[in-house]
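Fold and contact review
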Amino acid sequence: MNAYKLPEDHLSPFLLRLGSQAEVYAPERQASGEVIFARLTDPARVVTEYTRTTLPLKKFFSLPSEVMFRFSVDRGYEVPEEIASVHRRVIFGAHACDLHALQILDRTFLHDQPDPYYAQRRESTALIGLSCTPDELCFCNSFGTGFVSDGYDLFFAAVPGGFFVQIGTTRGNDLIGMAKDLFAPADEADLLAYRRYLKEHNGKFTREVTTSALPGILELETGSALWGEAADRCLGCGSCSMVCPTCYCFSVSDRLDLSLKTGERRRTWDSCLFKEYATVAGGHNFRPGRDARLRQRLFHKFVDFPARFERYACVGCGRCTAACPAGIDFVALIKDLRREASA
Amino acid sequence: MLERKLLPMMGNVYQPRLARLVRKHQLSGDTTLFAFRFEDPDQARRFTYRPGQFVEVSVLGVGEAPISISSTPTRPGLIELVVRRVGRVTDALHRLEPNAAVGLRGPYGNGWPIEKLRHQDLAIIAGGLGMAPLRSLLNYVLDNRAEFGRLVVMYGARTPDDLLFKDELADLGARSDLDLLLAVDQDPTGTWNGRVGVVTTLFEGRQFDPQRTYALVCVPPVAFKYVAAELTQRGFPGERILMSLERKMQCGVGKCGYCNVGHKYTCLDGPVFSYWDAINLPGMI
C-alpha cells in the first residue's frame, strides 16, 4: 500500500504550502455553528472533525448561479473571459459521501455531451478527502458511500497523532511531492492504526435504510397516501434540493443590461419541487400536485436515475432531512413506504 | 500550478450561433412560420438534421425555447420553424422583422426513425400545432416517395382558420399518391365543407394493415390517449404508434433536468416515443 503519515502539527504547514500554489478551500465553522467550505485564510480555522457542510461540493462545480454567456447584437453569445478562465484549486476536507456524490454528478455533467463549465472546474480542482464524524441522520453505509476507494487525489483518515494518507491519483502524488518533508512513509504501526480506524469508523453509522428492491417498492407505492401526507407538510421551498449533493437541476434566464444592447445568460440552481418547474407556456402543468412533485424528486433518486446510470442518486448524507423546515424525514418516508408495500 | 485555461468554446454544448430571420409568414391568428439561415455560411452548409428533431432558439435579451423543425433536410438552406405565440420567447419571436438576429443551436432529440419507416405504410396523424414536426416528415417522405408505402395524412384543427399550411394542403389534396383527410372541431363561420369532429373521427371507414403501418402522431397533450386508443383498438402494436411529445425544457442536452420523465429525458430520448414507452413512463401521456 502506497501510503503516508502526516503528523497532526504538519497539517497547517501543508495547507499553507498548497495555498502558495493554488486556491485552497477547507471546512470552517461559522458563528452559527454551521460548517462550510470556505477559502483558506488561516489554517487554524480549519476544522478536521465535522458532520456535514451546509452546502455540498457541487457549489464548486455547478455554481448556485453563474453567467454562461454575455451577448450583444454584434457579437452574439460569448463566454466571458473571467468565466472561461479557472484557477487551479484544492479542496481539503471532503467526506466520503460528498466524493461519491461528485461521481454521481459526473454521470450527468460529463456523460454524453459534457458540460464545459463543470468539466473544466472538475479538471482544475484537486480533491483531498477526510474521514468524517457521522451523526444520527447519516445513512451513507446503506448506499456504500461511507468509504471511498476512488474519486479523490488524496484521502486523509484521522488516526491518533495525525492522518493516514492514501494517494488516489498522480496529481495526489504530486501534491505530496511538493511537501515531501512534511510526510513520512506509512510504517507497520501506521497501517495498524488505519486498520483500527476502518473498524471503528464502520461502527459509527447507526441509521440504515434497506436498499434491496427499493425501485420496485417505490413503484408499487406510487399511489400511496403517504405521499400526500408528506406533501401536506411540504412547503415546496426546495431546500432539500439546494443542499442535496446529487441534485443538479438548473434553469436558464436572460437579463438585458440597461443599454438594452447587451446582456447575460445565467443559469441558477432549480428544484422539481417548485410549482412552475413543469409548467409549459400556455399554463399546462405536467406535475400540478405537490405530491407528484415530491414523488418526482424521490423517484429520480431511487428509481429513475439508477435505471439510467446504474447507481442510486443518494449518498445518505442526511442534508435533506436536516434542512427541511417542515421536518419531513425522507428516510422515514422511504421506510414507511417499504413497510406499507410488504404489509 | 496557477494555470489559466480557456473553456473550449467550440465544444460548448450551450453555444448559440447567430442566425438571421429570412422571412416570416403568418399561418393562422396566433401562429407563424419563420425561416432562418445561419450567419456563418459554413455553419449554414454543415447544418443538417432528421425530421422530428428540434432546435433551441434564442431571442437576444429574452431567452431560449425549444422548437420543432418544420422544414425537411431534403430541401437544405433555410431552417423553418412553426411558432405559436404563447409565452415570452414566442411573443418576442413574433415581433422580429426579417434580417433580425437570433441564436440557434441543435439539432436535438431523436426525430422520427426514418430507417424503420422505409417501405412501410404511414399514417400521419396531426392535431393543431402538431403539424409542425410532422410537416418535416411528410415533405421528407414526398421527396423520397418511392421509398415509402401507402401514405395517409389525417389532420385536425379547432376551426378551419386554425388549419396550418392551407396552400400546401391544397397541393396535397390534388396528389394521387396520398390520402389527405381533414377535420375541424367546430365551424363557426359555416364555410367548411369537410368533416366536423375531433381528429379520431377521420378513422371512420378507413382500413390499415397494423402489421405494416406506422402511425406517426403529434396532437395536443390531452388528445394522445384518445388517438392511441383508436389505433390500439385497430390492432396497432405499441411500438408501431410513434408520438412526438413535449415537456418543459431548458438545456436540450440532458443536463438541466427539466424534461425528465421516469428514466428518460425528452430532449435526448425523445421527443419521439413509442406508445409502448409512453405508457411505461408514469405521467408521460
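This text gives an overview of the structure that appears in the document.

Thresholds applied
- Residues numbered from 1 in each chain as written.
- Chains lettered and ligands numbered in written order.
- Predicted model: local features only at pLDDT ≥ 70, side-chain atom pairs only at ≥ 80, totals over all residues.
- Heavy atoms only, no water.
- Buried < 20%, exposed > 50% of the residue type's maximum accessible area, 1.4 Å probe, protein only.
- Helix = DSSP H or I, 4+ residues; strand = E, 2+ residues; numbered from the N terminus.
- Pairing = 2+ DSSP bridges.
- Contact = heavy atoms within 4.5 Å.
- Buried area = accessible area lost by both parts, 1.4 Å probe.
- Salt bridge = Lys/Arg side-chain N within 4 Å of Asp/Glu carboxyl O.
- Polar contact = N/O pair within 3.5 Å; in protein donor to acceptor, adjacent residues only side chain to side chain.
- Nonpolar A, V, L, I, M, F, W, Y, C, P; charged D, E, K, R; others polar.
- Axes fitted to C-alpha atoms, helices over the stretch in contact; angles between N-to-C directions.

Let's talk about the pairing of strand 9 (residues 162-167) of chain A
All names here are of chain A.
- Taken across its six residues, strand 9 has six buried, putting it largely inside the fold.
- With five bridges joining them, strand 1 (residues 3-7) and strand 9 adopt antiparallel strand pairing. Bridged to Lys5 within strand 9 is Phe164.
- Strand direction decides the pairing type here: strand 8 (residues 154-159) and strand 9, joined by six bridges, are antiparallel. For Ala157, the partnering residue across the bridge sits in strand 9 and is Phe164.
- Hairpin connection between strand 8 and strand 9: a loop of two residues separates the two successive antiparallel strands, and Gly161 in this loop has a positive phi of roughly 90°.

Thoughts on the environment of Cys317 of chain A
- In this fold, Cys317 of chain A is placed in the loop between helix 10 (290-309) and helix 11 (319-323).
- Look at Cys317 of chain A and you get buried, because its relative accessible area is 9%.

Let's talk about the interface of chain A and chain B
- Listed as interface residues are 55 residues of chain A and, on the opposing side, 44 residues of chain B.
- Together, the buried faces of chain A and chain B total about 4,500 Å²; carbon and sulfur atoms form 57% of this surface.
- Inspection of the region where chain A meets chain B yields two salt bridges.
- For Arg265 of chain A, the salt bridge is made with Glu64 of chain B, and the minimal N-O distance between the two is 3.3 Å.
- The interface formed by chain A and chain B holds 20 residue pairs in polar contact (both at pLDDT 80 or more) in total.
- For the side of chain A that touches chain B, the secondary structure elements donating two or more residues are strand 4 (65-72), strand 5 (76-78), helix 2 (81-84), helix 3 (96-109), helix 4 (116-123), strand 11 (250-256), strand 12 (262-269) and helix 10 of chain A.
- Across the side of chain A that touches chain B, the residue classes break down as 26 nonpolar, 14 polar and 15 charged.

Observations concerning the sheet that holds strand 7 (residues 121-127) of chain B
Residue and element names in this part refer to chain B.
- With respect to topology, seven strands assemble into an open sheet ordered 10-9-8-7-11-12-15, the strand pairing being mixed. Across the chains shown, the open sheet's two edge strands, defined by having one partner strand only, are strand 10 (195-196) and strand 15 (272-274).
- Strand direction decides the pairing type here: strand 9 (residues 179-184) and strand 10, joined by two bridges, are parallel. Bridging from a neighbouring strand, Val184 pairs with Val196 of strand 10.
- Contacts from helix 4 (residues 131-143) reach strand 7, strand 8 (151-157), strand 11 (213-218) and strand 12 (241-244) within the one sheet, and its direction differs from that of strand 7 by about 150°.
- On the sheet, helix 6 (residues 224-233) packs against strand 7, strand 11 and strand 12 and is oriented at approximately 170° with respect to strand 12.

Looking at the sheet that holds strand 11 of chain A
All names here are of chain A.
- Ordered by their spatial adjacency, four strands build an open sheet running 5-4-12-11, and the pairing between neighbours is antiparallel. In the strand order of this sheet, the two ends are held by strand 5 and strand 11, each with one partner. On average, adjacent strands in this sheet sit at an angle of 25° to one another, irrespective of strand direction.
- Sheet topology places strand 4 next to strand 5; three bridges connect them, and they run antiparallel. If you follow Ser72 over to strand 5, its bridge partner there is Gly76.
- Of the strands in this sheet, strand 4 and strand 12 touch helix 4, which is tilted by about 125° from strand 4.

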